[in-house]
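Descriptive structure summary
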Amino acid sequence: MNNKVPILTYHDISNKINNNSIHYKKFFSHINLMRKLGYKSINLSDLNKGTKEKKFIITFDDAYENVAKYALPFLKKNNFKATCFIVTKSIGKYNFWDHHQPNYIKKNIMSLNQIKLWISAGLEVGSHTLNHLNLIKLNKKEKTKEIIGPIEYFKKKGIDIKTFSYPFGSYDKETVNIVKKYYDYAVTTDRGRYNVNNFKNSTLPRVPINYDTSLFKLFIKTSTFYEDIK
């Protein structure tokens, strides 16, 4: 297995240019560059499956409908893998957790049918909790409900989820202890490239990708020590 695995963090993919989302053409160019650099995309749950290939992981937090609209056809056509983290109570609704933000933009979230299309394409869905709450502000009972609720929801739909993303990248020891009981892997917003010798499966680092991340910056972020020292 390649020693360093970049886990890329995306949110919204759009046909508009703004600082709240990444234009779909830029997203396409990002992923195509990773392939040209010799990387193979995998789902997060396959992180530690043995292979000597250079690997990278595409993750989407929040499951915006635009991801199904713009990213899914591209990923499916080009045989890329990706993991999308879903706020269960927002399915078919909108990003209610951001409404207090000063520059709030209401965005639709994937429907259950779109989620099933995502899975049928060989891509993975994971948990982003029930309500996208800041887990460290909750008591243990509340944390547990938020963390295991999505497992129960998806199980009723015949879907097995093994991966988790901490809302707002926020976690504490109690939160991590609950998460690792129920999920194989969990991602944070801590910066860095995954190295099996340096990180635990319940607190994986990621490489943040922004609306203005150029191809050169993407290369620096994924193929050098740039993110590892952040």
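Here we summarise the structure given alongside this text. (Residues numbered from 1 in each chain as written. Predicted model: local features only at pLDDT ≥ 70, side-chain atom pairs only at ≥ 80, totals over all residues. Heavy atoms only, no water.)

1. Considering the overall build of the protein chain
Basically, it comes down to this: Numbered from the N terminus, helices here are DSSP runs of H or I no shorter than four residues, and strands are runs of E no shorter than two. Only the C-alpha atoms count toward the radius of gyration. The rule for a globule is 2.2 Å times the residue count to the power 0.38. Type-normalised accessible area, obtained with a 1.4 Å probe on protein chains alone, sets the label of each residue: buried when under 20%, exposed when over 50%, and partly exposed for intermediate values. Contacts are residue-level and defined by heavy atoms, with any inter-residue pair within 4.5 Å sufficient. A 1.4 Å probe and the Shrake-Rupley method give the accessible areas. Residues count as covered only by the protein chains that appear here. All tallies of charge rest on Lys and Arg as positive and Asp and Glu as negative; His and the ends of each chain are not included. By convention, charge coordinates are those of NZ in Lys, CZ in Arg, CG in Asp, or CD in Glu.
Helices and strands together make up the secondary structure of the protein chain, namely six helices and 10 strands. Relative to its length of 230 residues, the protein chain is compact, with a C-alpha radius of gyration of 16 Å against a globular reference of 17 Å. Taken along its principal axes, the extent of the C-alpha atoms in the protein chain is 45 × 40 × 35 Å. Burial status across the protein chain gives 50% buried among its 230 residues. Put simply, of all contacts in the protein chain between residues at least 6 apart along the chain, 64% involve residues at least 24 apart. For the protein chain, the accessible surface area stands at approximately 11,200 Å², while carbon and sulfur atoms represent 50% of it. Distance between charge centres in the protein chain, computed from 39 positive and 19 negative side chains, equals 4 Å.

2. Details of the packing of aromatic side chains
Just so we agree on the cut-off: A pair of Phe, Tyr and Trp rings is counted when the ring centres sit within 6.5 Å of each other, with Trp represented by its six-membered ring. The angle between the planes then sorts it: under 30 degrees is stacked, over 60 is edge-to-face, the rest tilted. Counting as a charge over the ring demands two things of the Lys NZ or Arg CZ atom: a distance within 6 Å of the ring centre and an angle within 35 degrees of the ring normal.
With the rule as written, the count across this model stands at 17 aromatic pairs. Seen in terms of ring centroids, Y24 and F28 are 5.5 Å apart; in terms of plane orientation they differ by 65 degrees. Their pairing is edge-to-face. Here Y24 and its partner F28 are both found in helix 1 (residues 24-36), four residues apart, which amounts to about one turn of the helix. In this structure Y24 comes out as partly exposed when scored by relative accessible area, which is 22%. Judged by centre distance (5.7 Å) and plane angle (55 degrees), the ring pair of F27 and F60 falls under tilted. You can see F27 sitting in helix 1 and its partner F60 sitting in strand 5 (residues 54-61), a full 33 residues away along the chain. By relative accessible area, which is 0% here, F27 ends up buried. By way of ring pairs, the aromatic residues Y10, Y24, F27, F28, F60, Y70, F74, F80 and W118 are connected into one cluster. One cation-aromatic arrangement involves K54 over Y39; the distance from NZ or CZ to the ring centre is 4.3 Å.

3. Notes on the nonpolar core
Put simply, the rule reads: For the purposes of this section, nonpolar cores are sets of buried Ala, Val, Leu, Ile, Met, Phe, Trp, Tyr and Cys residues that join through side-chain atoms within 4.5 Å.
Formed by 53 residues in total, the largest nonpolar core has its most connected members in Y10, I13, F27, I58, F60, L75 and W118. Of all the elements in the fold, those that place two or more residues in this core are strand 1 (7-10), helix 1, strand 5, helix 2 (65-77), strand 6 (83-86), helix 3 (112-120), helix 4 (140-156) and helix 5 (173-182). No other element matches helix 2, which puts seven residues into this core. Contacts of L75, omitting those with residues within four sequence positions, involve F27, I58, F60, F80, A82, W118 and L123.

4. As for the side chain of N43
Along the polypeptide, N43 turns up in the loop between strand 4 (39-41) and strand 5. According to the relative accessible area criterion, N43 is buried, its value standing at 8%. Aside from chain neighbours lying at most four places away, what touches N43 is K81, A82, T83, G122, L123 and E124.

5. A look at the layout of surface pockets
Rule in force here: Cavity and pocket criteria rest on a 1 Å grid covering protein atoms alone: a 1.4 Å probe that fits but cannot get out defines a cavity, protein on both sides within 12 Å along at least 5 of 7 lines defines an open pocket, and an atom within 4 Å of a point defines a lining residue. Grid points are joined across faces, edges and corners, and a volume is the space filled by probe spheres set on the points. In this classification, Asp, Glu, Lys and Arg are treated as charged, Ala, Val, Leu, Ile, Met, Phe, Trp, Tyr, Cys and Pro as nonpolar, and every other residue, Gly included, as polar.
Here the largest pocket is characterised by a volume of approximately 700 Å³. Here the residues of the lining of the largest pocket sort into 11 nonpolar, 13 polar and six charged. Counted as a void, the second largest pocket has a volume near 150 Å³. Residue lining of the second largest pocket: R35, Y39, K40, S41, I42, D46, N79, F80 and K81, and that is the complete set. The element contributing the most residues to the lining of the second largest pocket is strand 4, with three residues. Grouping the constituent residues of the lining of the second largest pocket by class yields three nonpolar, two polar and four charged.

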